[in-house]
Amino acid sequence: MTKCSLIFVLFFIIFCCTTKAKIHSSQYLDREISPTLISQDDNADSNSLLMSRYKRFLLYRERRGAPSGQKKLKSYKFDLNDTTHNQALIHWSGKNSSVIFILTRKKKTVSGGGISDSSLWRSTNYGKTYEPEWKKFDNKTILNSYFVCPGNISKVIFIDTYNNSGRIWVSTTEGETYTPYMLPFSLDKIEFHPEEQDWLLGYDKQASVLYCSQDLGKTWSKLQSYVTTDRYFWYVKDVDTIENSTSIVHFEYRDMDVFPGRTFLVKSCFIPNCNPTPFQLHCDELGGIDRDSLVVQDNYTFAQKPGAREKLYVSFMRGKFVKADFPGNNEQTDFYVVSSNGGTVVVGINHIDWLAHLFFSDVTGAKYSQSLSNVRYFGRKSGTETIFNVDIYEVKAVKGTFITNKHTSIGHNVTMITWDNGRTWTNLAIPTTETACSGCTLNVHISMSQTKAGYYVPSIYSKETTPGLIITHGSVGQTLVDSPSSVQVYLSRDAGNTWNKVLDKRHLYIVADHGAMIVAAQMIFLQLISVISFSNDMGRTWHKYTFTDERIHVDGLLTEPGEYTHKFTLFGHRNYRDHWKLFALDLAPLVARNCTYPEDYVNVSFARNTQNSNQCHLGMRQTFEQLKEGNCLVGSEYKRVTTTELCACTDIDYECGYGYITTSSGCKKVVGKGSPIDDIRDILDEDTTPTVPPCVNGMRKMPTQYRKVPGDQCENDVDGKLFTMKDCSNVVTPPPPPTIHLKLLNKTNEVKIGEVLHFTVLSNSETVWSVIRTAEPKDKITTRPVKRDEISLNPTKPGAYQVRAFNPKHPTVSDTMLVSFWYPIENVLIYCPPVVEVDTPFNATATLATKYGLRGTSSLLGRVSYIWSTENSDYKEVSENLISIRPKKLKHYDVMVTANNKVSFRSGRGNFTVKKYVQTVVIPLESNTNLTEELLTHTWLRDLQSMFARALVEKQLIHILHANQMLQKKRFHVFIEPNLPLTAKLLFSHDKDGQPSSDALLKIATTIEQQLATDNVVLHLPHGVVLTSKVPYMINAKGVYIYMKQSGTSPGIIVLIIILCILLITGIVLMVRKYSRNSRWNSYLGSWKPHLRSSRGRPQDHTAIVDQDQLMENELDTMDISTTIQGNMQIG
């Protein structure tokens, strides 16, 4: 018995869906060749209380028979009763095929769990019976997924979990036989070539590596490492048109040459060696893009450039990338490409939470006009990511038709439709059978299948094979409702012009027999069903038929791809402990006769509105063949006739052009400031200076404020609509003003010293160029003339440089670019204390070395970032070269850092030991000259530490340490930080046995401190630097000074002296009072009396007298050590 979930529902596996990204596309959500997944709870109603009630209901509900008096249809039930799996991948091979595959899988319940077991079933009789396929595989096989060739359904590839998904099973006989192939990598996804049946793209998700095969998986070639998931694309027919274009692949990958690999690039190459295509030149010119932003679709390539505000770039027909031009100045955060196959690009752009705007472009996809504002959008779950989706749907087969949900100013969601690529939008018409109400329209659920109320509503339906037919859920009212009690099924047979309510409540539905047959199964919460609803006349009439003797919950419906057959497969279960139940349904016996041609057919055209008498739609008249009334069987051999006729242009084929808005008086030019998107300069920006058309034969062709509606194909333009002719015979055309455009040819504007940056200068006049190092404005390179429109720069000093090209006669005509040359990082050293106190924060410092052993500073390396990591801690990226660490355990720790600038990266490692207590003596060092950080190289600091250690020996301090056994077992360390002002730290610590004690360490440190206070250390270092030690001091772990006694007097004697002093003062006071009664002091002292003081006004002043040794021990128990450094030297 299968331990199924409470509810199972059907949804399509998206093999090439996008993850959370900058640019998303609806194209990946419509892959028809993908298997269908039945899984636990994926698209079920999500209300947890209702789910728990449903679970109890399914356990104790009694079986009831089928309704009496119902006509039986042909139904064949098959139970997968020997599997304990909780998922099933189901696929009907294709047209004219009776083969159905079912791959059941046991998926681990933990988050991200893999497949622990699987079973493959195969039917060769349209699902009447299934046979297990395990005798064709070995006993180590656990199948994870499978992929079907779209050009040849007999070719199927199964991915095996054996060897970490390093084996595939290939069938070229639609499952009759399988051949295994071992792979040198782990395979997660396969993408078949659209034409070449044996060509594959294979993706290793864990390693992010893309492979290709040209022999159906027998051998593989590596194309590229660090390829972004799902951002790889085969060539597009009629777009990639060069020689050997079928072997072209485009993909997005991460450039790891510059750490930490944040730069993502586009590559276009030929398989199998990945030699670059001509389009690669434009990809290199585009440079770095945002992650998850490459989309190759139809005639277009989309990518997004990083910047303060999002930038969408488009390449049309593999031409140069240009920045997409959107009106307004709203910040753009996400792009959703709705459609690009109708002569226009439809894009939804997210601006603020839960709202988006809809734009339609010209044919190049470069210039956009806003079509509809405040369109609803939502997040769609894809694996562990959430991707941006606009609640819009492109109606299949009928070009230019879109349905979307729009937010109104009063918070309603209303559904609108356009038949002319967004030129006009109207509300959906209320069915004639519905009761109209004030302000009511028909509002439907589109692509947001999981409602905010937690209920699952099947998505809207239309297909290329059933033109004009739309099925969806909705309700009549002022806004779209989510409650399942208010949702009905509505159907349109004329591409959304008119609608009819056909079923009450929620239903799963599927279409077959070229649209004539529709099967629906009601979704009733807490109720099981045994009947289906059936229509054989495109939804005009419906009948109910019993398909099983037992009531079940229906998970999904499936039919042959293409909607050609009259056979269906229904999936379900009775309760959450039940096994899979599969029903093969044949509806042909329910149809009385076969359709006859041409008597049962009629030609129809779907006009964009009822006032269009010539039935033209976007400049063309589409005619589709459709059943008149139905109630007959069309059959799988039927070929639908579709014709397209171009229409003569009329005013309705035009709209206001880019930069204009529609008003009651016509098109009005938009005047305002430019978009803040342009705040960051981009080398790909086009020259926006308006160009004047040339004067030809005394006439100039001037554009008007109109353009054709995007995607409109009408012929014979209306005179004067797009252009007007202006006499220019008497106009003297002045010479064009001088222009200069400086362009960098390299991929980046920051390179290593020694590399060369190349520029090109686009100019129509004399041009010279100069370079200034910004750190030294007076250090100016001589101005040189530009030859062959190219210049190059290769300075010897690191830093930022301003490159300027200008006209010497008109200096204001110029273009400037900032570039940088930096030394690479050659070494990273970590300075952290060799010993630290437990649970006490301290700083670890990283120093960088570059060319010639120089200290790596910002003037040599540019901006540097650091990624720190310590044992059992996450990576932390900071802009400073130090990090605070607070160890919690008594143990040895490693600390690592990776430093990177724009041209290089290097890593370094240090370590420290955590002990229970550490005593520190700090010795400030004073220099005879002004020190700078550039001097503090690792070599210089190492020499300083060695010299300081020798000075301790010369001053006989080494004997004190030796006498107290501090030179054994790493109990004493000298530590110098690489920061100014310089200080040396003497670190005293215990060994692993806890010896010496904290009290003994404090006494040893005190002795050393007193010795150094009376005898300075003088150090003579290279470069004439003399360092002299100043008065030392001791600090505890919290950085608090510790003051010690300056003599050998015991604490007992000190206490005795204090008591004697108190007794002496008391005696003197008594004597004065006794002998001064007759004196002049009596008037003062005689009136003195002791009195109480309230602690509320002021605390009592008293000092507790404690044993001095006990006080030091208490302080050591709570001591925090502050910073110390790696690069230390141990004495002994």
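Shown above is the structure to which this text applies.
Here is a short report on the structure shown in this document. Model, not experiment: these values are computed from the prediction.

So, the overall build of the protein
Then step 1. Secondary structure summary: the protein contains 10 helices and 80 strands in total.
Then step 2. Here the protein, with 1132 residues, has 52% of them falling under the buried criterion.
Then step 3. Considering only intrachain contacts with a sequence separation of at least 6, the fraction spanning at least 24 residues in the protein is 60%.
Then step 4. Summed over its atoms, the accessible surface of the protein is roughly 53,600 Å², and 51% of this surface lies on carbon and sulfur atoms.

Considering helix 3 (residues 279-286)
Then step 1. Those residues of helix 3 not exposed but buried are Phe279, Gln280, Cys283, Glu285 and Leu286.
Then step 2. Residues of helix 3 that are buried sit in contact with strand 18 (248-255), strand 19 (263-270), strand 20 (275-276), strand 22 (300-305), strand 23 (311-316) and strand 57 (740-744).
Then step 3. Directly beyond the C-terminal end of helix 3, a positive phi value near 75° is found at Gly287.

Let's talk about the packing of aromatic side chains
Then step 1. Per the stated rule, a full pass over the model turns up 30 aromatic pairs.
Then step 2. Taking the centre distance of 5.0 Å and the plane angle of 35° together, the rings of Tyr146 and Phe158 count as tilted. Within this pair, whereas Tyr146 is found in strand 9 (residues 143-148), its partner Phe158 is found in strand 10 (residues 156-160), the two being separated by 12 residues in sequence. You'll find Tyr146 and Phe158 in the same group, each marked buried.
Then step 3. With a centroid separation of 6.1 Å and 65° between ring planes, the pair formed by Phe534 and Tyr545 is classed as edge-to-face. Taken together, the residues Phe534 in strand 42 (residues 531-535) and Tyr545 in strand 43 (residues 543-546) connect sequence positions 11 residues apart. Per residue, the accessibility class of Phe534 equals that of Tyr545, and both read buried.
Then step 4. By the ring-pair criterion, three or more aromatic residues cluster together here, those being Phe101, Trp134, Phe137, Tyr146, Phe158, Trp169 and Tyr178.

What to know about the nonpolar core
Then step 1. The biggest cluster of nonpolar side chains holds 40 residues, and the ones touching the most others in it are Trp940, Phe948, Leu986, Phe988 and Leu1027.
Then step 2. The leading source of residues in this core is helix 5 (residues 938-954), at 7 residues.
Then step 3. Residues in contact with Phe988, not counting those within four places in the same chain, are Tyr917, Val918, Gln919, Val921, Leu961, Met966, Arg971, Phe972, Leu1001, Ile1004, Ala1005 and Ile1008.
Then step 4. Among the nonpolar cores identified, the runner-up in size contains 26 residues, and Leu508, Val519, Ile529 and Leu590 belong to it.

A word on unusual backbone geometry
Then step 1. The omega angle of the peptide bond from Ile271 to Pro272 is 5°, so this bond is cis rather than trans.
Then step 2. Across the junction of Gln995 and Pro996, the peptide omega takes the value -5°, indicating a cis bond.
Then step 3. Along the chain, Pro996 turns up in the loop between strand 75 (983-989) and helix 7 (998-1014).
Then step 4. In this structure, Ser208 is a non-glycine residue whose phi angle is positive, near 55°.
Then step 5. With respect to the helices and strands, the residue Ser208 is situated in the loop between strand 14 (200-204) and strand 15 (209-213).

Looking at the environment of Ser1029
Then step 1. Structurally, Ser1029 is set in strand 77 (residues 1025-1029).
Then step 2. The buried category is assigned to Ser1029, whose relative accessible area is 2%.
Then step 3. It is 8.6 Å that separates the C-alpha atoms of Ser1029 and Leu1019, two residues lying 10 residues apart in sequence.
Then step 4. In this structure, Ser1029 is in contact with Ile923, Pro924, Leu925, Asn1016 and Val1017, ignoring residues within four places of it in sequence.
Then step 5. Within the structure, the side chain of Ser1029 is placed 2.7 Å from the backbone nitrogen of Val1017, a separation counted as a polar contact.

What to know about the state of the cysteines
Then step 1. Throughout the structure, instances matching the rule amount to 7 disulfides.
Then step 2. Here Cys269 engages in a disulfide with Cys274; their sulfurs sit 2.1 Å apart. An S-S torsion of about -75° defines the bridge between Cys269 and Cys274 as left-handed. Both residues of the pair, Cys269 and Cys274, belong to the buried class.

A short note on the sheet that holds strand 70 (residues 882-885)
Then step 1. The 3 strands are arranged 65-67-70 in an open sheet whose pairing can be described as antiparallel. Each having just a single partner strand, strand 65 (827-831) and strand 70 make up the two edges of the open sheet. Between one strand axis and the next, the sheet turns through 25° on average, direction left out of account.
Then step 2. Where strand 67 (residues 842-849) meets strand 70, 4 bridges bridge the pair, whose relative direction is antiparallel. Its bridge partner being in strand 70, Asn843 is matched across the sheet by Ser884.

Here we look at the sheet that holds strand 47 (residues 601-604)
Then step 1. Sheet architecture is open: 3 strands sit in the order 47-48-49, paired in antiparallel fashion. Lying at the two open borders of the sheet, with one neighbouring strand each, are strand 47 and strand 49 (642-646). Direction aside, neighbouring strands of the sheet carry axes that sit 20° apart on average.
Then step 2. Judged from the 4 bridges that link them, strand 47 and strand 48 (residues 620-627) form a sheet pairing that is antiparallel. Opposite Val602, over in strand 48, you have Gln626 as the bridge partner.

Looking at the pattern of salt bridges
Then step 1. Per the counting criterion, the structure on display carries 30 salt bridges.
Then step 2. Linking Lys851 and Glu826 is a salt bridge whose minimum nitrogen-to-oxygen distance equals 3.7 Å. Taken as a pair, Lys851 in the loop between strand 67 and helix 4 (858-861) and Glu826 in the loop between strand 64 (814-822) and strand 65 lie far apart in primary sequence, 25 residues in all.
Then step 3. Lys851 gets classed as partly exposed once you look at its relative accessible area, which sits at 32%.

Remarks on empty space enclosed by the protein
Then step 1. Applying the stated criterion across every chain yields a total of 5 cavities of 30 Å³ or more.
Then step 2. Space inside the largest cavity adds up to approximately 90 Å³.
Then step 3. As for the largest cavity, its lining consists of 13 residues, and the residues nearest its centre are His514, Met538, Gln626, Leu627 and Arg640.
Then step 4. Here the residues of the lining of the largest cavity are counted per class, giving 7 nonpolar, 4 polar and 2 charged.

Comments concerning helix 7
Then step 1. If you check helix 7, its first and last C-alpha atoms are 25 Å apart, about what 17 residues at 1.5 Å a residue would give, namely 24 Å.
Then step 2. Burial in helix 7 covers these residues: Ser998, Leu1001, Leu1002, Ile1004, Ala1005, Thr1006, Ile1008, Glu1009 and Leu1012.

Observations regarding the environment of Thr847
Then step 1. Mapped onto the elements, Thr847 comes out in strand 67.
Then step 2. The exposure class assigned to Thr847 is buried, which follows from its relative accessible area of 5%.
Then step 3. Each C-alpha atom, one on Thr847 and one on Thr937, is 8.3 Å from the other, the two residues being 90 residues apart in sequence.

A short note on the pairing of strand 46 (residues 580-586)
Then step 1. Along strand 46, 7 of the 7 residues are buried, which leaves the element largely enclosed by surrounding structure.
Then step 2. Residues of strand 46 alternate between two faces, with Trp580, Leu582, Ala584 and Asp586 on one and Lys581, Phe583 and Leu585 on the opposite face, all of them buried.
Then step 3. Both strand 4 (residues 74-80) and strand 46 contribute to a ladder of 7 bridges, which runs antiparallel. Bridging from a neighbouring strand, Lys77 pairs with Phe583 of strand 46.
Then step 4. Where strand 45 (residues 567-573) meets strand 46, 6 bridges bridge the pair, whose relative direction is antiparallel. Opposite Phe568, over in strand 46, you have Leu585 as the bridge partner.

Quick look at the side chain of Thr850
Then step 1. Along the chain, Thr850 falls in the loop between strand 67 and helix 4.
Then step 2. On the basis of relative accessibility, which here comes to 1%, the residue Thr850 falls in the buried class.
Then step 3. Polar side-chain contacts of Thr850 include one of 2.9 Å to the backbone oxygen of Pro824.
Then step 4. Ignoring anything within four residues of it in the chain, the contact list for Thr850 reads Tyr823, Pro824, Glu826, Gly856, Leu860 and Leu861.

Thoughts on the environment of Gly1024
Then step 1. With respect to the helices, strands and loops of the structure, Gly1024 is situated in the loop between strand 76 (1018-1021) and strand 77.
Then step 2. Classification of Gly1024 as exposed rests on a relative accessible area of 52%.

Criteria and cut-off values
- Residues numbered from 1 in each chain as written.
- Predicted model: local features only at pLDDT ≥ 70, side-chain atom pairs only at ≥ 80, totals over all residues.
- Heavy atoms only, no water.
- Helix = DSSP H or I, 4+ residues; strand = E, 2+ residues; numbered from the N terminus.
- Buried < 20%, exposed > 50% of the residue type's maximum accessible area, 1.4 Å probe, protein only.
- Contact = heavy atoms within 4.5 Å.
- Areas by Shrake-Rupley, 256 points an atom, 1.4 Å probe, with all protein chains shown as cover.
- Phe/Tyr/Trp six-rings, centres within 6.5 Å; stacked < 30°, edge-to-face > 60°.
- Core = buried A, V, L, I, M, F, W, Y, C linked by side-chain atoms within 4.5 Å.
- Polar contact = N/O pair within 3.5 Å; in protein donor to acceptor, adjacent residues only side chain to side chain.
- Disulfide = S-S within 2.5 Å.
- Pairing = 2+ DSSP bridges.
- Axes fitted to C-alpha atoms, helices over the stretch in contact; angles between N-to-C directions.
- Salt bridge = Lys/Arg side-chain N within 4 Å of Asp/Glu carboxyl O.
- 1 Å grid on protein atoms, 1.4 Å probe; cavity = no way out; pocket = protein on both sides within 12 Å on 5 of 7 lines; lining within 4 Å.
- Points joined across faces, edges and corners; volume = space filled by probe spheres on them.
- Nonpolar A, V, L, I, M, F, W, Y, C, P; charged D, E, K, R; others polar.
- Expected span 1.5 Å × (residues − 1).

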